Amino acid sequence: KEEQNRTGGTRWAPPPTGMAKLNVDVDAVVSKGSNRGAIAAVARDEAGRFLGASALVLTGITEPETLEALACREGFSLASDLLLQSIRLASDCVNVVRSIRENALGPCGQVVREIKARMADLHKCEIIHEGRRMNVDAHRLARGALGRHVGRHVWFLNPPDGVCNLALDGSA
């Protein structure tokens, strides 16, 4: 069930019992001086407690759907880092979710193949589509990561600034 925040918008919803949830998202800057993209993944347990987060800053890739597919792959990398075996991965890109579910290859075919291989290694895995309002932390992390150096950034013990700071019981 979606929870409502004080402004009336939807926000993070927990995974089924016994699963961790990974929200993924992207951001990109395409300008004269910059051609950067950032992808992010944030993992929480069923109670909403922070498990870990990662961001990958890239140059030369700014096409949104390609970045979204790479964000899903990054979600699996984070799940592996955290030794998670039962996950629900949520993306706000319906085309990428559909491609993964239907094993459609398209422009991101190799990334989809890698994701499918990683899914087979897990005990339980679900890929779902959720709107951006359900995905605030991953979006905030991706946007903030654009200011970091190129490469992978990972947080295990404490969330990065601005991520997983809101109470989940509606008291935020």
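Residues numbered from 1 in each chain as written. Predicted model: local features only at pLDDT ≥ 70, side-chain atom pairs only at ≥ 80, totals over all residues. Heavy atoms only, no water.

Undergrad: Outline the overall build of the protein, supporting the account with residue identities and numerical values.
TA: Along the backbone of the protein there are 4 helices and 8 strands. Sequence-ordered secondary structure for the protein, helices as α and strands as β, is β-β-β-β-β-α-β-α-α-β-α-β. Counting only residues that meet the buried cut, the protein has 50% of its 172 residues in that class. When contacts within the protein are restricted to residue pairs at least 6 apart in sequence, those whose partners lie at least 24 apart make up 73%. Accessible surface computed for the protein: about 8,500 Å², of which carbon and sulfur atoms make up 51%. (Helix = DSSP H or I, 4+ residues; strand = E, 2+ residues; numbered from the N terminus. Buried < 20%, exposed > 50% of the residue type's maximum accessible area, 1.4 Å probe, protein only. Contact = heavy atoms within 4.5 Å. Areas by Shrake-Rupley, 256 points an atom, 1.4 Å probe, with all protein chains shown as cover.)

Undergrad: For the confidence of the model for the protein, give the residues involved together with the corresponding values.
TA: The share of residues in the protein with pLDDT of 70 or more is 88%, and the mean pLDDT across the chain is 87. Low confidence marks residues 1-9, where pLDDT is under 50. Its contacts with residues over four positions away, or in another chain, come to 19 contacts. (pLDDT = per-residue confidence, 0-100.)

Undergrad: Just give me the short version of the nonpolar core, but keep the residues and values in it.
TA: Within the largest apolar cluster, 32 residues are counted, with the highest numbers of intra-cluster contacts made by Leu22, Phe76 and Ile100. No other element matches helix H1 (residues 64-81), which puts 8 residues into this core. With sequence-adjacent residues up to four places away left out, Phe76 is seen in contact with Ile87, Leu89, Ile115, Arg118, Met119, Leu122, Cys125 and Ile127. Grouped together as the second largest cluster of nonpolar side chains are 15 residues, Ala55, Leu141, Ala142 and Val163 included. (Core = buried A, V, L, I, M, F, W, Y, C linked by side-chain atoms within 4.5 Å.)

Undergrad: Please set out the side chain of Lys21 residue by residue, giving values where relevant.
TA: Structurally, Lys21 can be placed in strand S3 (residues 20-30). A distance of 2.8 Å separates a polar atom in the side chain of Lys21 from a polar atom in the side chain of Glu130. Setting aside residues no more than four positions away along its own chain, Lys21 makes contact with Trp12, Ala13, Pro15, Val42, Ala43, Arg44, Arg88, Ala90 and Glu130. (Polar contact = N/O pair within 3.5 Å; in protein donor to acceptor, adjacent residues only side chain to side chain.)

Undergrad: Any chance you could break down the packing of H1 against helix H3 (residues 109-120) for me, citing the residues and the numbers?
TA: Relative to each other, H1 and H3 sit at 25 degrees, their axes nearing to 9 Å. Classified by the interaxial angle, the pair formed by H1 and H3 is roughly parallel. Of the two elements, H1 crosses H3, and the hand of that crossing is left-handed. Between H1 and H3, the residues in contact are Ala69, Leu70, Cys72, Arg73, Phe76 and Ser77 and Val111, Glu114, Ile115, Arg118 and Met119, respectively. (Axes fitted to C-alpha atoms, helices over the stretch in contact; angles between N-to-C directions. Parallel < 35°, antiparallel > 145°, perpendicular 65-115°, else oblique. Left-handed = near helix turned anticlockwise from the far one by under 90°.)

Undergrad: Help me get a handle on the pattern of salt bridges, residues and values and all.
TA: For the coordinates displayed, the defined rule picks out 12 salt bridges. Arg49 is paired through a salt bridge with Asp45; the nearest N and O atoms lie 2.8 Å apart. The class for Asp45 is buried, based on a relative accessible area of 15%. When the shortest N-O distance is used, the salt bridge between Asp81 and Arg152 registers 2.6 Å. (Salt bridge = Lys/Arg side-chain N within 4 Å of Asp/Glu carboxyl O.)

Undergrad: Tell me about the packing of helix H2 (residues 94-102) against H3, residues and numbers included.
TA: Closest axis-to-axis distance for the H2/H3 pair is 9 Å, and the angle between their directions is 60 degrees. One way to sum up the angle between H2 and H3 is to call them oblique. Relative to H3, H2 is oriented so that their crossing is right-handed. On H3, the residues touching Ser99, Ile100 and Arg101 of H2 are Val112, Ile115, Lys116 and Met119. Its residues assigned to classes, the contact of H2 with H3 shows 4 nonpolar, 1 polar and 2 charged. (Nonpolar A, V, L, I, M, F, W, Y, C, P; charged D, E, K, R; others polar.)

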